[in-house]
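# Chains, contacts and geometry: an overview
Chain by chain, the residues:
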Amino acid sequence: MYFEIIAKMANIINIDTSTEVCSVALTSQGTVIEHREDYSGQNHAKLLSPFIADILQYSTSRDIKIDAVAVSLGPGSYTGLRIGLSEAKGLAFGLGVPLIGVDTLKLLCVSAMFSRYVDESSLFIPMIDARRMEVFAGVYDLALNEVMTPMPVILDENSFADYITPERNIILLGNGADKASKVITGPNIHFIPGVKPVAVDMLALSELAFRNADFIDVAYSTPKYLKEFQATKPRNKVF
(Lines give C-alpha, C1' and ligand atoms only; values in the text may rest on other atoms or scores of the structure.)
Protein backbone atom coordinates (compact mmCIF):
# COMPACT_ATOMS: atom_id res chain seq x y z
CA MET A 1 0.00 0.00 0.00
CA TYR A 2 1.22 3.51 -0.78
CA PHE A 3 1.02 4.87 2.74
CA GLU A 4 4.05 3.45 4.50
CA ILE A 5 5.10 4.10 8.09
CA ILE A 6 7.36 7.13 8.23
CA ALA A 7 10.45 6.05 10.14
CA LYS A 8 12.00 9.45 10.72
CA MET A 9 10.14 12.32 12.27
CA ALA A 10 9.82 15.30 9.94
CA ASN A 11 8.12 18.62 10.66
CA ILE A 12 7.07 19.97 7.28
CA ILE A 13 5.34 23.16 6.19
CA ASN A 14 3.07 22.22 3.26
CA ILE A 15 1.81 24.86 0.81
CA ASP A 16 -0.85 24.52 -1.88
CA THR A 17 -2.00 27.33 -4.19
CA SER A 18 -2.63 25.27 -7.33
CA THR A 19 -6.36 26.09 -7.60
CA GLU A 20 -8.69 28.65 -6.04
CA VAL A 21 -7.91 27.31 -2.56
CA CYS A 22 -5.06 28.87 -0.59
CA SER A 23 -3.79 26.55 2.14
CA VAL A 24 -0.83 25.94 4.44
CA ALA A 25 -0.37 23.07 6.90
CA LEU A 26 2.24 22.05 9.44
CA THR A 27 2.52 18.25 9.56
CA SER A 28 4.55 15.70 11.48
CA GLN A 29 4.53 11.88 11.32
CA GLY A 30 1.23 11.62 9.51
CA THR A 31 -0.49 14.21 11.69
CA VAL A 32 -1.68 17.71 10.85
CA ILE A 33 -0.52 19.90 13.71
CA GLU A 34 -1.83 23.27 12.48
CA HIS A 35 -3.30 24.58 9.25
CA ARG A 36 -4.85 27.57 7.49
CA GLU A 37 -7.25 27.45 4.51
CA ASP A 38 -9.23 29.88 2.39
CA TYR A 39 -11.79 28.74 -0.20
CA SER A 40 -13.15 32.14 -1.23
CA GLY A 41 -11.21 32.57 -4.48
CA GLN A 42 -7.92 33.72 -5.92
CA ASN A 43 -6.58 35.37 -2.77
CA HIS A 44 -3.17 33.72 -2.76
CA ALA A 45 -1.15 36.93 -3.08
CA LYS A 46 -3.05 38.44 -0.15
CA LEU A 47 -3.34 35.46 2.20
CA LEU A 48 -0.40 33.12 1.66
CA SER A 49 2.23 35.18 3.48
CA PRO A 50 0.01 35.74 6.58
CA PHE A 51 -0.88 32.03 6.62
CA ILE A 52 2.81 31.10 6.57
CA ALA A 53 3.55 33.67 9.29
CA ASP A 54 0.84 32.10 11.47
CA ILE A 55 2.34 28.64 11.00
CA LEU A 56 5.85 29.89 11.79
CA GLN A 57 4.62 31.64 14.91
CA TYR A 58 2.84 28.47 15.99
CA SER A 59 5.95 26.32 15.46
CA THR A 60 8.21 28.83 17.24
CA SER A 61 5.89 29.09 20.24
CA ARG A 62 6.02 25.31 20.65
CA ASP A 63 9.71 24.91 19.87
CA ILE A 64 8.98 22.86 16.74
CA LYS A 65 11.96 22.78 14.39
CA ILE A 66 10.99 22.88 10.71
CA ASP A 67 12.76 20.16 8.69
CA ALA A 68 11.45 20.91 5.18
CA VAL A 69 9.05 22.94 3.08
CA ALA A 70 6.74 21.24 0.57
CA VAL A 71 4.82 22.92 -2.22
CA SER A 72 2.27 21.73 -4.75
CA LEU A 73 3.94 22.12 -8.16
CA GLY A 74 0.94 21.74 -10.45
CA PRO A 75 -0.61 21.49 -12.86
CA GLY A 76 -3.00 24.24 -11.92
CA SER A 77 -3.45 27.99 -11.93
CA TYR A 78 -0.44 29.70 -13.51
CA THR A 79 -0.57 32.62 -11.10
CA GLY A 80 -1.28 30.47 -8.07
CA LEU A 81 1.56 28.08 -8.81
CA ARG A 82 4.04 30.92 -9.27
CA ILE A 83 3.01 32.54 -5.99
CA GLY A 84 3.16 29.26 -4.07
CA LEU A 85 6.54 28.18 -5.40
CA SER A 86 8.05 31.63 -4.92
CA GLU A 87 6.94 31.73 -1.27
CA ALA A 88 8.08 28.15 -0.70
CA LYS A 89 11.53 28.85 -2.15
CA GLY A 90 12.00 31.92 0.01
CA LEU A 91 10.82 30.06 3.10
CA ALA A 92 13.07 27.04 2.49
CA PHE A 93 16.06 29.29 1.81
CA GLY A 94 15.42 31.41 4.88
CA LEU A 95 15.02 28.39 7.16
CA GLY A 96 17.94 26.55 5.59
CA VAL A 97 15.85 23.43 4.91
CA PRO A 98 15.20 21.33 1.77
CA LEU A 99 12.33 21.97 -0.62
CA ILE A 100 9.89 19.23 -1.67
CA GLY A 101 7.76 19.36 -4.81
CA VAL A 102 4.37 17.61 -4.71
CA ASP A 103 2.47 16.68 -7.86
CA THR A 104 -1.00 18.26 -7.69
CA LEU A 105 -2.69 15.40 -9.56
CA LYS A 106 -1.28 12.85 -7.12
CA LEU A 107 -2.42 15.11 -4.29
CA LEU A 108 -5.97 14.93 -5.63
CA CYS A 109 -5.77 11.13 -5.67
CA VAL A 110 -4.67 11.10 -2.01
CA SER A 111 -7.74 13.18 -1.16
CA ALA A 112 -10.00 10.44 -2.55
CA MET A 113 -8.09 7.31 -1.46
CA PHE A 114 -10.73 6.22 1.02
CA SER A 115 -13.78 6.68 -1.17
CA ARG A 116 -16.25 3.80 -1.10
CA TYR A 117 -15.63 3.26 -4.82
CA VAL A 118 -11.95 2.48 -4.39
CA ASP A 119 -10.65 -1.09 -4.58
CA GLU A 120 -7.46 -2.79 -5.78
CA SER A 121 -8.50 -2.50 -9.43
CA SER A 122 -9.31 1.21 -9.30
CA LEU A 123 -7.76 3.84 -11.51
CA PHE A 124 -7.84 7.49 -10.51
CA ILE A 125 -8.26 10.17 -13.17
CA PRO A 126 -7.63 13.50 -11.42
CA MET A 127 -8.36 16.61 -13.46
CA ILE A 128 -7.53 20.28 -13.12
CA ASP A 129 -9.87 22.55 -15.05
CA ALA A 130 -8.49 24.41 -18.05
CA ARG A 131 -10.43 26.33 -20.69
CA ARG A 132 -13.63 25.17 -22.34
CA MET A 133 -13.59 21.34 -22.51
CA GLU A 134 -9.89 21.02 -21.73
CA VAL A 135 -8.39 19.67 -18.52
CA PHE A 136 -4.95 18.81 -17.20
CA ALA A 137 -5.19 15.13 -16.32
CA GLY A 138 -3.31 11.95 -15.58
CA VAL A 139 -4.20 8.35 -14.75
CA TYR A 140 -2.91 6.65 -11.59
CA ASP A 141 -3.31 3.28 -9.93
CA LEU A 142 -3.86 2.69 -6.23
CA ALA A 143 -0.12 2.91 -5.54
CA LEU A 144 -0.04 6.28 -7.35
CA ASN A 145 2.01 4.89 -10.22
CA GLU A 146 1.53 6.85 -13.45
CA VAL A 147 -0.60 4.82 -15.85
CA MET A 148 -0.94 7.81 -18.17
CA THR A 149 1.55 10.67 -18.16
CA PRO A 150 -0.10 13.95 -17.10
CA MET A 151 -1.04 16.07 -20.09
CA PRO A 152 -3.66 18.50 -21.42
CA VAL A 153 -6.75 16.56 -22.57
CA ILE A 154 -9.72 17.72 -24.67
CA LEU A 155 -12.71 15.98 -23.15
CA ASP A 156 -15.12 13.89 -25.20
CA GLU A 157 -16.78 10.49 -24.86
CA ASN A 158 -13.58 8.72 -25.99
CA SER A 159 -11.24 10.43 -23.55
CA PHE A 160 -9.35 7.82 -21.48
CA ALA A 161 -11.03 4.99 -23.45
CA ASP A 162 -7.82 2.95 -23.29
CA TYR A 163 -8.10 2.78 -19.50
CA ILE A 164 -11.84 2.19 -19.05
CA THR A 165 -12.61 -1.53 -18.82
CA PRO A 166 -15.54 -3.43 -17.23
CA GLU A 167 -13.38 -4.90 -14.47
CA ARG A 168 -12.05 -1.55 -13.22
CA ASN A 169 -13.56 1.18 -11.11
CA ILE A 170 -12.68 4.52 -12.67
CA ILE A 171 -12.58 7.47 -10.26
CA LEU A 172 -13.03 10.95 -11.79
CA LEU A 173 -12.14 13.81 -9.45
CA GLY A 174 -10.84 17.35 -9.25
CA ASN A 175 -12.31 20.66 -10.41
CA GLY A 176 -12.15 19.53 -14.05
CA ALA A 177 -14.18 16.38 -13.43
CA ASP A 178 -17.51 18.27 -13.51
CA LYS A 179 -17.08 18.67 -17.26
CA ALA A 180 -15.84 15.11 -17.69
CA SER A 181 -18.85 13.62 -15.89
CA LYS A 182 -21.12 15.02 -18.62
CA VAL A 183 -19.38 13.16 -21.45
CA ILE A 184 -17.64 10.19 -19.81
CA THR A 185 -20.21 7.83 -18.33
CA GLY A 186 -20.61 4.16 -17.52
CA PRO A 187 -21.63 1.76 -14.75
CA ASN A 188 -18.12 1.57 -13.28
CA ILE A 189 -17.24 5.24 -13.73
CA HIS A 190 -17.59 7.18 -10.49
CA PHE A 191 -17.48 10.95 -10.15
CA ILE A 192 -16.44 12.28 -6.73
CA PRO A 193 -17.50 15.94 -6.48
CA GLY A 194 -15.89 18.66 -4.43
CA VAL A 195 -12.36 17.22 -4.23
CA LYS A 196 -9.83 20.06 -4.09
CA PRO A 197 -6.07 19.96 -3.53
CA VAL A 198 -5.30 21.28 -0.04
CA ALA A 199 -2.17 21.37 2.10
CA VAL A 200 -3.51 19.07 4.84
CA ASP A 201 -3.65 16.23 2.30
CA MET A 202 -0.02 16.72 1.27
CA LEU A 203 1.41 15.08 4.38
CA ALA A 204 1.75 11.50 3.08
CA LEU A 205 3.43 12.65 -0.13
CA SER A 206 5.71 15.21 1.48
CA GLU A 207 6.78 12.94 4.34
CA LEU A 208 7.56 10.11 1.92
CA ALA A 209 9.62 12.49 -0.21
CA PHE A 210 11.48 13.66 2.89
CA ARG A 211 12.27 10.11 3.94
CA ASN A 212 13.62 9.37 0.46
CA ALA A 213 15.53 12.68 0.29
CA ASP A 214 13.54 13.49 -2.85
CA PHE A 215 14.10 17.25 -2.92
CA ILE A 216 13.92 19.91 -5.64
CA ASP A 217 16.30 22.78 -6.34
CA VAL A 218 15.51 25.86 -4.27
CA ALA A 219 16.88 28.18 -6.96
CA TYR A 220 15.91 26.62 -10.29
CA SER A 221 12.80 24.47 -9.82
CA THR A 222 9.70 25.50 -11.79
CA PRO A 223 5.98 24.67 -11.66
CA LYS A 224 4.50 21.85 -13.76
CA TYR A 225 2.36 23.96 -16.08
CA LEU A 226 1.97 21.16 -18.73
CA LYS A 227 1.39 23.85 -21.37
CA GLU A 228 2.53 27.38 -21.99
CA PHE A 229 0.59 30.25 -20.51
CA GLN A 230 -1.74 31.89 -23.04
CA ALA A 231 -2.99 35.36 -22.19
CA THR A 232 -6.41 36.22 -23.51
CA LYS A 233 -6.90 39.47 -25.41
CA PRO A 234 -9.76 41.49 -23.91
CA ARG A 235 -12.69 42.09 -26.17
CA ASN A 236 -13.27 45.62 -27.41
CA LYS A 237 -16.13 47.26 -25.58
CA VAL A 238 -19.13 48.19 -27.66
CA PHE A 239 -20.79 51.46 -26.67
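Refer to the structure above for everything that follows.
Nothing here was measured: the structure is a model prediction, and the numbers come from that model. (Residues numbered from 1 in each chain as written. Predicted model: local features only at pLDDT ≥ 70, side-chain atom pairs only at ≥ 80, totals over all residues. Heavy atoms only, no water.)

## Some remarks on helix H5 (residues 203–211)
In terms of burial, H5 is a largely internal element, 8 of the 9 residues being buried. Buried within H5 we find Leu-203, Ala-204, Leu-205, Ser-206, Glu-207, Leu-208, Ala-209 and Phe-210. The elements touched by buried residues of H5 are strand E1 (11–16), strand E2 (22–28), strand E3 (31–38), strand E4 (68–74), strand E5 (99–103) and helix H3 (104–111). Following H5 by one or two positions, Ala-213 has its phi on the positive side, about 55 degrees. (Buried < 20%, exposed > 50% of the residue type's maximum accessible area, 1.4 Å probe, protein only. Helix = DSSP H or I, 4+ residues; strand = E, 2+ residues; numbered from the N terminus. Contact = heavy atoms within 4.5 Å.)

## Quick word on the environment of Asp-162
As for its position among the elements, Asp-162 is in the loop between strand E8 (146–154) and strand E9 (170–173). Residue classification places Asp-162 among the exposed positions, given a relative accessible area of 69%. Taking the C-alpha atoms as reference points, Asp-162 and Cys-109, 53 residues apart in sequence, are found 20 Å from one another.

## Comments concerning the sheet that holds strand E6 (residues 123–129)
Note: strands within a sheet are paired through backbone hydrogen bonds, in either parallel or antiparallel orientation. Taken in spatial order, the 5 strands line up as E8-E7-E6-E9-E10 in an open sheet, and their pairing is mixed. Each edge of the sheet is formed by a strand with only one pairing partner; in this case those strands are E8 and strand E10 (189–192). The mean angle between the axes of side-by-side strands here comes to 20 degrees, regardless of whether they run parallel or antiparallel. Sheet analysis places E6 next to E9, joined by 4 bridges and oriented parallel. What sits directly across from Phe-124, in E9, is Ile-171. Along the sheet face, H3 touches E6, strand E7 (134–140), E8 and E9 and points at about 120 degrees away from the line of E6. (Pairing = 2+ DSSP bridges. Axes fitted to C-alpha atoms, helices over the stretch in contact; angles between N-to-C directions.)

## Some thoughts on the pairing of E9
Residues in a regular strand point their side chains to alternate faces of the sheet. Side chains Ile-170 and Leu-172 project from E9 onto one buried face, and the interleaved Ile-171 and Leu-173 project onto a second face that is buried too. Examined bridge by bridge, E9 and E10 share 4 bridges and lie parallel to one another. Paired with Leu-173 across the strands is Ile-192, a residue of E10. Read from E9 through helix H4 (residues 177–183) to E10, the crossover connection turns out right-handed. (Right-handed = clockwise from strand over helix to strand, strands pointing away.)

## What about the nonpolar core?
Ranked by internal contacts, the top residues of the largest apolar core, which has 34 residues, are Ile-12, Ile-100, Val-102, Phe-124 and Leu-173. Elements with a minimum of two residues in this core: E4, E5, H3, E6, E7, E9 and H5. Per-element tally for this core: the top contributor is H3, with 5 residues. Here Ile-100 is in contact with Ile-12, Ala-68, Val-69, Ala-70, Val-71, Ser-206, Ala-209, Phe-210, Asp-214, Phe-215 and Ile-216, once residues within four sequence places are set aside. Residues Cys-22, Leu-26, Ile-55 and Ile-64 belong to the second largest nonpolar core, which totals 22 residues. (Core = buried A, V, L, I, M, F, W, Y, C linked by side-chain atoms within 4.5 Å.)

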